[in-house]
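# A look at the structure
Chain by chain, the residues run as shown.
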Amino acid sequence: MVSLATLFSRLFVLVFTLFSFAVSAEDCIRRDYGRNSFVCVCNATYCDTAPSVGALAVGQAVQITSSQSAARFQATNLQFGRTSSNKAVITNEVFIDTSVTYQNVLGFGGAFTDAAGINIARLSQAAQDNLMNSYFSSRGIEYGVARVPMAGTDFSTRTYSYDDFPGDVTLSNFALTEEDLVYKIPYINWAISLSSKSIKLFTSPWSAPAWMKSNNEFYGQGYLLGEYYQVWADYFARFFEEYAKFGLNFWALTAQNEPVDGRVPGFPFNCMGWTSENQSIFVGLNLGPTLQAKGFGDVKIMIMDDQRNYLPEWAETVLANPDANPYVSGIGVHWYQNFIAPPSVLTTTHEMFPDRFILATEACEGTFPKETVVLGAWDRLESYATDIIENMNNWAVGWVDWNLALDEGGGPNWSENFVDSPIIVNNTIDEFYKQPMFYAMGHFSKYVPENSVRVNIDMSNDTTLIGTAFVLPDGNRAVVILNQSDDDKTILLNDAERGTLEIPCEARSMHTILYG
């Protein structure tokens, strides 16, 4: 005879299984290119999907796992209070304190570059549908932030602006280009149509028209001539006006992509040099007032948009200018010189300017002198995940990747500045490959939505195990953990309000743990 206790236990397990958990997802079709992990292959007829997790009752938990050896978004049901009887297997403890709160999350995303649009367009319509759903729909990782370059970048097939008519100070010849009309706007609108949430668009210019610059070039050492400051501010407004005709309104802008690049002699691709002093003048006397006057005063202005080693000085200079200060909402940071300054400079900057947000606005792997595209590189997932965790733990409100998709050579790029991307397109056989980096992004963008609140996490002194934690808008909690070691670990997660949760954590793996 079955005891009453056994019946209750079985009933609990049945209810737990029926009502808790992740919606099933299509599995990854693996392909190994002989590197340290694998890619997931998608085409016109098949693509893996990301499991969705709904509301969880107190005590219920779901673990989403990606690993070097086998898993991509593998969902496992867990239960608070069930721990191993062998305490020797508990190698690490993690403590979550939801009473200590930090910043609200803005979101995660990528960039609609010319190169991304060109590569997506080379696929069949059905394969394009799978790719766009992978990034933006509930079947995918649900990006909520997108960067849109203002005219050309190095990830274009040519150098261009929207007004390449020297001396046109009235911008009478200003016009969007084929790149916007064919490779950007249609895909942005497609993304919006797929998304269940509002996608926050922000734009960044790489260069003014060459005729406005000191060196009369789109690249190299050169700055905006003083007599064109107002024309350049008007150019921003015209950009917003033209995109609005296609139903696209922008949440924010950065005043210049990597303003230090244009101060470097011989810089090889699109750039324009600014000092922090000159940027403060332009924002305070031209850009801010012009956007207000033209009806775009709600577009948030981010300064810097460059390497974090220029903080906090860049922000100090711009925000000390009383003309610029009222117009500045945030600070953009890139990751390419992270070796120069620790992530704590973000916290230092936040403490100095707590009313301005910090957003990681660009990152990519495969930059020189690294190998460009490496299909299946797990170490690149780790570099993405590490930077996101470090940024979030130091007050960043989100993290935005660079190109949404590139070809197998890491392009196209007119200046041959080829890099890697979370999705690589092989149009010759109508396939695209989801790199490990794609899953690093999804562990955040899918499961840590906008308006989540970061909370305190206290981890062990094991430097190979890092993480960050959040309370989500629906009340669920999310903990993202990266195991960078070659050892399997077991984590005992301690939440003062929920109890303890035992989490298996295999070697070289990434996890998002969601619980009620």
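Numbers given for residues are sequential positions, taken from 1 along each chain in its written order. With the structure being a predicted model, the display of local features is reserved for residues of pLDDT at least 70 and the display and counting of side-chain atom pairs for 80 or more, all residues being used for whole-chain, interface and lining totals. In computing side-chain values, all of the structure's heavy atoms are included and hydrogens and water are not.

## Observations regarding the pairing of strand 5 (residues 92–104)
Applicable threshold: Strand pairing is assigned whenever DSSP identifies at least 2 bridges connecting the two strands. Only DSSP runs of H or I with at least four residues qualify as helices, and only runs of E with at least two residues qualify as strands; both kinds are numbered from the N terminus onward.
Bridge analysis of strand 5 against strand 20 (residues 489–495) gives five bridges, and the strand direction is parallel. Within strand 20, the position partnered with N92 by the bridge is I491. Relative to strand 17 (residues 453–458), strand 5 runs antiparallel, the two being bridged by five bridges. When the sheet's bridge partners are listed, D97 is paired in strand 17 with N456.

## A word on the sheet that holds strand 17
Filter applied, for reference: Axes here refer to lines fitted to C-alpha atoms; in helices the fit is confined to the stretch in contact. Angles between the N-to-C directions go from 0 to 180 degrees. In what follows, a contact means two residues having at least one pair of non-hydrogen atoms within 4.5 Å.
Here nine strands make up an open sheet; going across it, the order is 4-3-22-19-18-17-5-20-21 and the pairing mixed. Only two strands of the sheet have a single partner each, and these edge strands are strand 4 (74–79) and strand 21 (499–505). Strand-to-strand, the axes of this sheet are offset by a mean angle of 25°, without reference to chain direction. Each of strand 3 (60–67), strand 5, strand 17, strand 18 (465–471), strand 19 (477–483) and strand 22 (509–515) touches helix 9 (residues 378–392); the most contacted strand, strand 19, lies at about 135° to it. Against the sheet, helix 10 (residues 436–445) touches strand 3, strand 18, strand 19 and strand 22, its axis set at about 15° to strand 22.

## Overview of the pattern of salt bridges
Going by this rule: One speaks of a salt bridge when a side-chain nitrogen belonging to Lys or Arg is within 4 Å of a carboxyl oxygen belonging to Asp or Glu. For every residue, the accessible area (1.4 Å probe, protein chains only) is compared with the maximum for its type, and the residue is labelled buried under 20%, exposed over 50%, or partly exposed between those bounds.
Throughout the structure, instances matching the rule amount to 22 salt bridges. Note that R380 is salt-bridged to E365, the shortest N-O span being 3.6 Å. Pair noted here: R380 is in helix 9 and E365 is in the loop between strand 12 (357–362) and helix 9, with a separation of 15 residues, a long-range link. When its relative accessible area of 5% is taken as the criterion, R380 is described as buried. D420 is paired through a salt bridge with R380; the nearest N and O atoms lie 2.6 Å apart. Taken together, the residues span a long stretch of sequence, with D420 in the loop between strand 14 (406–407) and strand 15 (423–426) and R380 in helix 9 at a distance of 40 residues. The burial state of D420 is the same as that of R380; both residues are buried.

## Points about the UniProt feature "domain: Glycosyl hydrolase family 30 beta sandwich" (unreviewed entry) in the protein
Worth spelling out the cut-off: UniProt positions are given in the numbering used here, feature names are shortened, and annotations may be inferred rather than shown by experiment.
In this structure's numbering, the residues bearing the UniProt feature "domain: Glycosyl hydrolase family 30 beta sandwich" (unreviewed entry) are residues 451–513. The annotated region residues 451–513 carries 0% helix and 62% strand content, and the separation between its end C-alpha atoms amounts to 18 Å.

## Notes on the sheet that holds strand 2 (residues 39–42)
Backbone hydrogen bonds hold the strands of a sheet together, and the pairing may be parallel or antiparallel. Judged by pairing direction, the sheet is mixed, and its five strands sit side by side in the order 1-2-16-15-14 without closing on themselves. Edge positions in the sheet fall to strand 1 (30–31) and strand 14, since each of these pairs with one other strand and no more. As paired elements, strand 14 and strand 15 share two bridges and run parallel to each other. Within strand 15, the position partnered with D407 by the bridge is V425.

## Side note on the state of the cysteines
Going by this rule: Throughout, a disulfide means two cysteine sulfur atoms within 2.5 Å of one another.
According to the stated counting rule, one finds two disulfides in the structure shown. What pairs with C28 in a disulfide is C40, and their sulfur atoms sit 2.1 Å apart. Between C28 and C40 the sulfur-sulfur dihedral comes to about -105°; the bridge is accordingly left-handed. Within this pair, whereas C28 is found in the loop between helix 1 (4–19) and strand 1, its partner C40 is found in strand 2, the two being separated by twelve residues in sequence. Paired by a disulfide, C42 and C47 hold their sulfur atoms 2.2 Å apart. Across the disulfide from C42 to C47, rotation about the S-S bond amounts to roughly 65°, and the bridge is consequently right-handed. Grouping residues by exposure puts C42 and C47 together as buried. Sequence-ordered numbering of the bonded cysteines in the protein gives a disulfide pattern of 1-2, 3-4.

## Digging into the environment of K245
Condition: What qualifies as a polar contact is a pair of N or O atoms within 3.5 Å, subject to a donor-acceptor requirement within protein and to the restriction that residues adjacent in sequence count only when both atoms come from side chains.
With respect to the helices, strands and loops of the structure, K245 is situated in the loop between helix 5 (229–244) and strand 9 (252–254). By relative accessible area, K245 is classed as exposed at 61%. Spatially, the C-alpha atom of K245 lies 35 Å from that of F267, the residues being 22 residues apart in sequence. A distance of 3.1 Å separates the side chain of K245 from the side chain of E242, its partner in a polar contact.

## Topic: the nonpolar core
Short version of the rule: We define a nonpolar core as any set of buried Ala, Val, Leu, Ile, Met, Phe, Trp, Tyr and Cys residues linked to one another through side-chain atoms lying within 4.5 Å.
Within the largest apolar cluster, 130 residues are counted, with the highest numbers of intra-cluster contacts made by W232 and Y243. Considering each element in turn, this core owes the most residues, ten residues, to helix 5. Apart from the residues lying within four places of it in its own chain, the contact partners of Y243 are V148, Y162, L176, D180, K184, I185, I188, L248 and F250. Counting 19 residues, the second-largest nonpolar core is a separate cluster that includes A61, F80, A469 and V479.

## Re unusual backbone geometry
Geometrically, the link from F368 to P369 is a cis peptide bond, its omega value of 10° lying close to zero. Residue position: P369 is located in the loop between strand 12 and helix 9. A cis amide bond links G411 to the next residue, P412, at an omega of 5°. Inspection of the secondary structure puts P412 in the loop between strand 14 and strand 15. Here L171, not a glycine, exhibits a phi torsion of approximately 60°, which is positive. Considering the arrangement of structural elements, one finds L171 in the loop between strand 7 (145–150) and helix 4 (178–194). Exposure remark for L171: the relative accessible area of 2% places this residue in the buried category. Unlike most non-glycine residues, W395 shows phi in positive territory, near 85°.

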